[in-house]
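# Structural overview
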Amino acid sequence: MKATLPSLNRIALGLLGCGMVVSACQDELDQLDRFIYPAFAEAANPKILSTAPNGTVLYNGGYGSSIASDWRDPSVFYMLTDRGPNAAGVQANSIIFGKTDFTPQIGKFRIVGDQLVLENVILLKNASGQLLNGLPNPAGQGNTGEIALDFNGQTIAPHPDGLDSEGLVYLSDGTFWVSDEYGPHIVHFDATGKTIERINPFGTGTGGRTIPKVFATRRPNRGMEGLTITPDGKTLVGLMQSPMYNPTSAAVSGSRVIRILTFDIATGATKQYVYLMENASLTGCSEIAAITNTTFLALERDGNYGGHPTTPATFKRVYKFDLANATEISDPANGPNGKLFNGQTVEQLKDETGLKNAGITPVAKTLVFDLLTEISPVYPHDKAEGIALIGRNRLAISNDDDFGVVDNGQNGFTTKILPATGKVDLNRVYFVTLKAPLR
């Protein structure tokens, strides 16, 4: 029998009380697993965000950068945008912003049949209640070296309130934690989207707390792509997208070393571990989701479209990994390049051999789900970016639709058409059942 929403609300509350994982909650997990989702749900009639000078329509989508389930209602999901529609400019390191006043935001979506229905938008704000934006940060505050331009080619000044949001955590008190690609920053927002605390490696946030200085060496636009919280509610766990440029881009060429950061919410204490992505050509890790207090899911992917006729995607996979026996690599001195091993940064160690010679054990990982072989008939998107674990053995997987546009290679935008479907890319959430339970 299909579970009803009132009964599932009670189940969600019970799961919170039992930490989501212990055997006493197996009955509740059984009932939650019986809730029926469609194979996928797609955004219903997204509004127009803006129109480029060449007539290309930019949609108010972009919500798939991360996804979090609602602990009170299994038909509701919160989904996060990034910094807004953008394309590469002709000028070196320049970025054209399709809506210069775009505010990063969280959308509350409800699954209605096979549709994603947007019910509410939470605009993200600073501690004073002013709207955030997606513009690059000033030097010393998370600057990426990018030059922001408007449609007319005019330069837009960097802004300390800029946020390129990518990771999302939804808490039982109704507040959110968000990680980003600029600083990287980790920001706590209240239920209305107002900043409670902003944390980064520079000490320029609010509240005075920081994360280790080494994270300032993140590769531009490959910052803290994923963020989750342990089931006990005590620890944030962030996953970088790619090997950091530590100490330089050239020095880490071919590296597969990605950093994991844990942040104790009560004390601010941090720890670091190594995650090895499968190969150095990948776009990297797009998301992290907690299973237990020490085990997690990571989404690794390439940047190609599933079903492309000439250059199809070859790698979009979800792995389970465990921190339990991994080496903690934090630098007690909090130096700008982190702890050195045989005179090298951990990124310079590059692979299994380099880590082993330095006495470092990365997190252990196993394959859980392959989007390209296990989603039928084809997974058509390029950017699988969000995962949420529902019940014992179901995943919700969201895509970043890039607001329905891509770079046209000519200093502007063109419509983002999926090669496998011939249609414009829209936000979707796929619901997949795993071969083996994780809880």
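Residues numbered from 1 in each chain as written. Predicted model: local features only at pLDDT ≥ 70, side-chain atom pairs only at ≥ 80, totals over all residues. Heavy atoms only, no water.

Detail in the predicted coordinates should be disregarded across regions flagged by low pLDDT. Taken residue by residue, the protein chain gives an average pLDDT of 93. The fraction at 70 or more is 93%. Confidence drops under pLDDT 50 across residues 1-17; counting only partners more than four residues distant or on other chains, this segment forms 33 contacts. Taken together, the stretch residues 19-24 has pLDDT below 50 and engages in eight contacts with residues farther than four places along the chain or on a different chain. (pLDDT = per-residue confidence, 0-100. Contact = heavy atoms within 4.5 Å.)

Before going further, it helps to spend a moment on the packing of aromatic side chains. The final tally for this structure, using the stated rule, is 14 aromatic pairs. Judged by centre distance (5.7 Å) and plane angle (50°), the ring pair of Phe 77 and Phe 431 falls under tilted. Note that Phe 77 is positioned in strand 5 (residues 76-80) and Phe 431 in strand 28 (residues 428-433), a separation of 354 residues in sequence. Given the relative accessible area of 1%, Phe 77 is considered buried. Overall, the relative accessible area of 9% leaves Phe 431 in the buried class. Among the aromatic residues, those joined into a cluster by ring pairs are Phe 35, Tyr 37, Phe 77 and Phe 431. Above the ring of Phe 40, the side-chain terminus of Arg 428 is found at 3.9 Å from the ring centroid. (Phe/Tyr/Trp six-rings, centres within 6.5 Å; stacked < 30°, edge-to-face > 60°. Helix = DSSP H or I, 4+ residues; strand = E, 2+ residues; numbered from the N terminus. Buried < 20%, exposed > 50% of the residue type's maximum accessible area, 1.4 Å probe, protein only. Lys NZ or Arg CZ within 6 Å of the ring centre and 35° of its normal.)

Another point: the pattern of salt bridges. Here the structure, examined in full by the defined rule, presents 20 salt bridges. One salt bridge connects Glu 374 with Lys 435, and the closest N-O pair in it is separated by 4.0 Å. Of the two residues, Glu 374 sits in helix 5 (residues 371-374) while Lys 435 sits in the segment after strand 28, which places them 61 residues apart along the sequence. Residue classification places Lys 435 among the exposed residues on the basis of a relative accessible area of 76%. Shared partners join several salt bridges into a network, and the residues in it are Asp 382, Lys 383, Asp 402, Lys 416 and Asp 425. (Salt bridge = Lys/Arg side-chain N within 4 Å of Asp/Glu carboxyl O.)

In space, the eight strands of this open sheet follow the order 4-5-8-9-1-28-25-24, with mixed pairing throughout. The open sheet has two edge strands with one neighbour each: strand 4 (66-69) and strand 24 (384-390). In this sheet, neighbouring strand axes are inclined to one another by 25° on average, regardless of whether the strands run parallel or antiparallel. (Pairing = 2+ DSSP bridges. Axes fitted to C-alpha atoms, helices over the stretch in contact; angles between N-to-C directions.)

This next bit is on the pairing of strand 9 (residues 115-123). Note: strand 1 (residues 40-43) against strand 9, two bridges, orientation parallel. Within strand 9, the residue paired with Ala 43 across the bridge is Leu 116. Here eight bridges tie strand 8 (residues 105-112) to strand 9, and the two strands are oriented antiparallel to one another. Among the inter-strand pairings, Gln 105 is bridged to a residue of strand 9, identified as Leu 123. Between the antiparallel neighbours strand 8 and strand 9 lie two residues, among them Gly 113 with a positive phi of about 65°.

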